[in-house]
Amino acid sequence: MKPSGLSATSREQLSLLLRSGAQVLTAEDAARSLATTPAVAARRLAAWSRAGWLARVKRGAYVPVPIESASADVGLEDPWAVASSMFAPCYIGGWSAAEHWGLTEQIFGSICVLTTQRPRDRKPVLRKARFELRTVAASNFIGLKTVWRGGAKVQVSDPARTLIDMLAEPALAGGIRHLTDMLATLMRDQPKEAAKFGPYAQSLGSGAVFKRLGYLLQRNHPEQSALIELCRQNLSAGYAKLDPALPADRLATAWRVWLPATELPELKA
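Described below are features of the structure shown in this document. Worth saying up front: this structure is predicted, and the values here are computed from it rather than measured.

Some remarks on the overall build of the protein chain
The helix and strand inventory of the protein chain stands at 10 helices and 12 strands. Principal-axis analysis of the C-alpha atoms places the extent of the protein chain at approximately 70 × 30 × 30 Å. In the protein chain, the share of contacts with a sequence separation of at least 24, taken over all contacts with a separation of at least 6, comes to 54%. For the protein chain, the exposed surface amounts to about 13,300 Å²; the carbon and sulfur share of it is 52%. Considering the protein chain, the positive charge centre built from 34 side chains and the negative charge centre built from 23 side chains are found 7 Å apart.

What about the nonpolar core?
One finds Leu 163, Met 182, Met 187 and Phe 197 to be the most contacted residues of the largest nonpolar core, which totals 40 residues. Every element with two or more residues in this core is listed here: helix H5 (94-100), strand E5 (111-115), helix H6 (159-168), helix H7 (176-189), helix H8 (197-204), helix H9 (207-220), helix H10 (225-233) and strand E12 (257-260). Setting aside residues up to four positions removed in sequence, Leu 163 forms contacts with Leu 103, Leu 179, Met 182, Leu 183, Leu 186 and Phe 197. Core analysis: the next-biggest nonpolar cluster, separate from the first, contains 24 residues, Val 57, Phe 87, Ala 97 and Val 147 among them.

A word on H9
Helical geometry note: an α-helix holds 3.6 residues per turn, so side chains three or four residues apart project in the same direction. For H9, with 14 residues, the first-to-last C-alpha span of 20 Å sits near the 20 Å given by 1.5 Å per residue. Burial of H9 is extensive: 11 of the 14 residues sit out of reach of the surface.

Remarks on the environment of Ala 237
Within the fold, Ala 237 resides in the loop between H10 and strand E10 (240-241). The class of Ala 237 is exposed, set by a relative accessible area of 70%. The spacing of Ala 237 and Ala 208 is 29 residues in sequence and 9.8 Å in space, taken between C-alpha atoms.

Thoughts on the side chain of Asp 165
Structurally, the position occupied by Asp 165 is in helix H6. One polar contact links Asp 165 to Tyr 91, side chain to side chain, over a distance of 2.8 Å. Not counting chain neighbours up to four residues away, the residues in contact with Asp 165 comprise Tyr 91, Leu 114, Leu 172 and Leu 204.

Quick look at the sheet that holds strand E2 (residues 54-58)
An order of E1-E3-E2 is seen for the 3 strands of this open sheet, with the pairing classed as antiparallel. In the strand order of this sheet, the two ends are held by strand E1 (25-26) and E2, each with one partner. In this structure, E1 lies alongside strand E3 (residues 61-64), joined through 2 bridges in antiparallel fashion. Paired with Thr 26 across the strands is Ala 61, a residue of E3. Contacts from helix H3 (residues 38-50) reach E1, E2 and E3, with the element oriented near 115° to E2.

Some words on the pairing of strand E8 (residues 144-149)
The pairing of E8 with strand E9 (residues 152-157) spans 6 bridges and is classified as antiparallel. Paired with Trp 148 across the bridge in E9 is Lys 153. Counting the residues that bridge the hairpin from E8 to E9 gives 2 residues, and of these Gly 150 lies at a positive phi of roughly 65°.

Notes on the side chain of Arg 161
Relative to the helices and strands, Arg 161 resides in helix H6. On the accessibility criterion, Arg 161 (1% relative accessible area) is buried. Non-local contacts of Arg 161, meaning those with residues more than four positions away in its chain, are made with Tyr 91, Asn 140, Phe 141, Ile 142, Gly 143, Tyr 200 and Leu 204.

Quick word on the sheet that holds strand E11 (residues 248-252)
The mixed open sheet is built from 3 strands, whose spatial order is E10-E12-E11. In this open sheet, the two edge strands, each paired with only one partner strand, are E10 and E11. Bridge count for E10 against E12 is 2 bridges, and the pairing is parallel. In the strand pairing of E12, Ala 240 is matched with Val 257.

A few points about the layout of surface pockets
Each pocket or cavity is described by its volume, and for the largest pocket that value is around 370 Å³. Considering the residues around the largest pocket, the lining is formed by 20 residues, among which Leu 18, Val 63, Pro 64, Val 65 and Glu 77 are closest to the centre. Top element by residues in the lining of the largest pocket is helix H1 (residues 8-19). It accounts for 5 residues. In the lining of the largest pocket, the residues fall into 13 nonpolar, 4 polar and 3 charged.

About the thresholds
Residues numbered from 1 in each chain as written. Predicted model: local features only at pLDDT ≥ 70, side-chain atom pairs only at ≥ 80, totals over all residues. Heavy atoms only, no water. Helix = DSSP H or I, 4+ residues; strand = E, 2+ residues; numbered from the N terminus. Contact = heavy atoms within 4.5 Å. Areas by Shrake-Rupley, 256 points an atom, 1.4 Å probe, with all protein chains shown as cover. Lys, Arg positive; Asp, Glu negative; His and termini not counted. Charge placed at Lys NZ, Arg CZ, Asp CG, Glu CD. Core = buried A, V, L, I, M, F, W, Y, C linked by side-chain atoms within 4.5 Å. Buried < 20%, exposed > 50% of the residue type's maximum accessible area, 1.4 Å probe, protein only. Expected span 1.5 Å × (residues − 1). Polar contact = N/O pair within 3.5 Å; in protein donor to acceptor, adjacent residues only side chain to side chain. Pairing = 2+ DSSP bridges. Axes fitted to C-alpha atoms, helices over the stretch in contact; angles between N-to-C directions. 1 Å grid on protein atoms, 1.4 Å probe; cavity = no way out; pocket = protein on both sides within 12 Å on 5 of 7 lines; lining within 4 Å. Points joined across faces, edges and corners; volume = space filled by probe spheres on them. Nonpolar A, V, L, I, M, F, W, Y, C, P; charged D, E, K, R; others polar.

If you want it as structure tokens, here you go:
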């Protein structure tokens, strides 16, 4: 459907909203901008959507349709910016942050978002963009960088924090094999980031992080003796799987880590 014509008043109101630069338009936002009630604003947003000037993301939320678009059936112009608005407070992390920082060449089909929200649907699809949501505490919002995506500020975990999140939950890397490769890439290309591992892990208070990190460093990066010793000093009681998603049949006693039944790949040069 091509966008249809608007009255002069309607065009002026829509232009006012679009000039705000908001990535997602809601009835509450529109009501404030147009000095009207949320109910009236919701009807106007719905009308502009029917006319093809806005695209509905989900109930009560819309994104602008690019003026050059021949149809309102468009994908999101920037899924990161939309995620920052839809799932706030949040940050982009996991595999998506790893892609951003050049830690992996693996192509992932969804955007990883860590949010304080507790959504019912943790794998929403919004205008053809797939998201995967993880809930985190607001106190865990450390080690973040602000990047500009178009006119929107988006928070993304820095390289070291990205790895720490993955060590806490290897699924955020797509599994321990990807995590092993990403850790090797960081150590090779951004070695100064490794100095942040200890403070981040201690702030987050996850014993499993030190167990997995200590094991992987001793196995693949034995030159990191100071960091390995820090991991050893912070070992907690109990045992953790190196990758909770894989069967484990061997125990690395020194690190209290159960290892996958299949051997990890050798460290890349």
